[in-house]
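These are the residues of each chain, in order.
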Amino acid sequence: MTKGKGKKVVAKKEKVRGMRVVTSEVCEVCKTPCDIGMAYAARMREPGAVGKGVPCILTKSKG
């Protein structure tokens, strides 16, 4: 007989927390600006810039 494969137990600290992707408009009006968001907003002010947003470190999900 062989043992079945069980679920791998992951500690709470090891779980990856997801972050919401925000656009430059959200970064511009943020109350606590971060370096990543401000750099992204500056790039989006250039003419012809195309962006899909950046992950916001202030909006981590709990899980």
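Right above here is the structure, for reference.
Numbers given for residues are sequential positions, taken from 1 along each chain in its written order. Side-chain atom pairs in this predicted model are given and counted only at pLDDT of 80 or more, local residue features only at pLDDT of at least 70, and totals for whole chains, interfaces and linings cover all residues. Only hydrogens and water are set aside; all other atoms, that is, all heavy atoms of the structure, feed into the side-chain values.

*Asks:* Explain the nonpolar core to me, using residue names and the numbers behind them.
*Replies:* We call a set of buried Ala, Val, Leu, Ile, Met, Phe, Trp, Tyr and Cys residues a nonpolar core when their side-chain atoms join them within 4.5 Å. Burial classes follow relative accessibility: with a 1.4 Å probe on protein chains only, a residue under 20% of its type's maximum area counts as buried, one over 50% as exposed, and anything between as partly exposed. Judged by nonpolar contacts, Val22, Cys27, Tyr40, Ala41, Val54 and Cys56 together constitute the single largest core of six residues. Mapped by element, the contributors of at least two residues to this core are helix 2 (35-44) and strand 2 (54-60). Any two residues whose heavy atoms approach within 4.5 Å are treated as being in contact. Those residues in contact with cysteine 56 that lie beyond four places of it in its chain are Met19, Arg20 and Val22. The way it works is that DSSP assigns letters per residue, a run of H or I at least four long becomes a helix, a run of E at least two long becomes a strand, and they are numbered from the N terminus.

*Asks:* I'd love a proper account of the side chain of serine 24, names of residues and values included.
*Replies:* Mapping serine 24 onto the fold places it in helix 1 (residues 24-28). Its relative accessible area of 13% is what places serine 24 among the buried residues. Non-local contacts of serine 24, meaning those with residues more than four positions away in its chain, are made with Tyr40, Ala41 and Met44.

*Asks:* Please give an account of the environment of valine 21 that cites residues and values.
*Replies:* Assignment of secondary structure puts valine 21 in strand 1 (residues 19-22). Distance in space between the C-alpha atoms of valine 21 and isoleucine 57 is 9.3 Å, their sequence separation being 36 residues. Those residues in contact with valine 21 that lie beyond four places of it in its chain are Lys52, Gly53, Val54 and Pro55.

*Asks:* How would you sum up helix 2? Please name residues and give values.
*Replies:* Every buried residue of helix 2 is listed here: Gly37, Tyr40 and Ala41. Seen end-on, helix 2 carries its buried residues on one side only, within an arc spanning 100°. On its buried face, helix 2 is in contact with strand 1, helix 1 and strand 2. Here the arc refers to the directions that run from the helix axis out to each C-beta atom.

*Asks:* So, the pattern of salt bridges: which residues are in play, and what are the values?
*Replies:* Pairs may arise between side chains of opposite charge once their charged atoms sit close together. Here, a salt bridge means any side-chain nitrogen of Lys or Arg that lies within 4 Å of a carboxyl oxygen of Asp or Glu. One pass over the full model with this rule turns up one salt bridge. Its salt-bridge partner being arginine 45, residue glutamate 28 comes within 3.0 Å of it at the nearest N-O pair. On the criterion of sequence distance, the pair formed by glutamate 28 in helix 1 and arginine 45 in the loop between helix 2 and strand 2 is long-range, its members being 17 residues apart. Judged by relative accessible area, glutamate 28 falls into the partly exposed class, the value being 40%. Arginine 45 sits in the exposed class, given a relative accessible area of 55%.

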